[in-house]
Amino acid sequence: MSEVRSGTVDVRGAQLYHEVCGQGDPLLLIQGGISDAAATAQLAAELAEQYQVISYDRRGISRSTASGDVPVTMTQHAEDAARLLEACTDRPARVLGSSIGAVIALHLAAEHPGRVATVIAHEPPLSSVLREPDREAELDTVAELARTDVRGAIRHMVAISAHQGEPEEGARPGKPAGDPNANLEFFFAHDFPAVRASALRAEQLAAVPVTVRPTGGSQGVSRWEYRCAQQLAKELDGTFTEIPGGHMAPSSHPRGTAEAVRRLLAE
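Note that the structure is a prediction, hence the values are computed from the model and not measured.

Caption draft 1: Summary view of the packing of aromatic side chains. The tally for this structure, following the rule as stated, stands at four aromatic pairs. Aromatic side chains Phe187 and Phe188 sit 5.1 Å apart centroid to centroid with 80° between the ring planes, which places their arrangement in the edge-to-face category. Its relative accessible area of 7% is what places Phe188 among the buried residues. A ring pair is formed by Tyr226 and Phe240, whose centres lie 5.2 Å apart and whose planes are at 70°; its orientation type is edge-to-face. A residue pair is termed long-range when its members are at least 10 positions apart, and Tyr226 in helix H8 (residues 224–235) and Phe240 in the loop between H8 and strand E8 (241–243) qualify at 14 residues. Of the residues examined, Tyr226 reaches a relative accessible area of 6% and is grouped as buried. By way of ring pairs, the aromatic residues Phe187, Phe188 and Phe192 are connected into one cluster.

Caption draft 2: Highlighting the environment of Gln31. One can find Gln31 in the loop between strand E3 (25–30) and helix H1 (41–47). Using a relative accessible area of 4% as the deciding quantity, one classes Gln31 as buried. At 2.7 Å, the side chain of Gln31 and the side chain of Thr40 are in polar contact.

Rules of the game
Residues numbered from 1 in each chain as written. Predicted model: local features only at pLDDT ≥ 70, side-chain atom pairs only at ≥ 80, totals over all residues. Heavy atoms only, no water. Phe/Tyr/Trp six-rings, centres within 6.5 Å; stacked < 30°, edge-to-face > 60°. Buried < 20%, exposed > 50% of the residue type's maximum accessible area, 1.4 Å probe, protein only. Helix = DSSP H or I, 4+ residues; strand = E, 2+ residues; numbered from the N terminus. Polar contact = N/O pair within 3.5 Å; in protein donor to acceptor, adjacent residues only side chain to side chain.

In structure tokens:
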């Protein structure tokens, strides 16, 4: 197993905890939800056989800090990722993002294209790409619940999502490094509204020299996020790839995801 090296990087209004393992072309992992770098440790180990894998805790999540005087936006998250890459490598990176991590990865490509070679965007929840009134109403309910009950909000989010299916044999998502309650509070106060406020469009991505490969999990093709990925692919070059697992495939299906990433990056 490749040695894991950890450290911190100072960014505007925050300090980012990150981990690096393996050697080769740089590959950045950006997790979804309240997941931190520990959630995709198995995936990182799989990919470290070929790549220099960089993973981190987003600002305000687990081991990364965040000051209250810097607004949390998708543009700020993209800037964080760009500064992290600048500190870790002098080469354009491959990027795999899941859920909110996919939205961050897409903003990174659009706003810092010199830092990125390819983005694999797994089920980005982008209303700017696919707006469905029923889904927006459900997300409004989640936002209202989150004002007083973050646990209730996350339960409602799970309830309105399609069944995620079973994890692959041997999958062991890492135990969160931080306080789940604190992460939930930060997520609903900052990240959840930031994702909903994103106005990123496919034409912005088509205008930069970055390859974008949207993916969807095979376990739950009825998900809105799956359809977002399909629509984004349709508006770009039409290339959509289904990978094993559900919305959180990078942590629930590390081997299957690693195989798909290798295949996509080899194309």
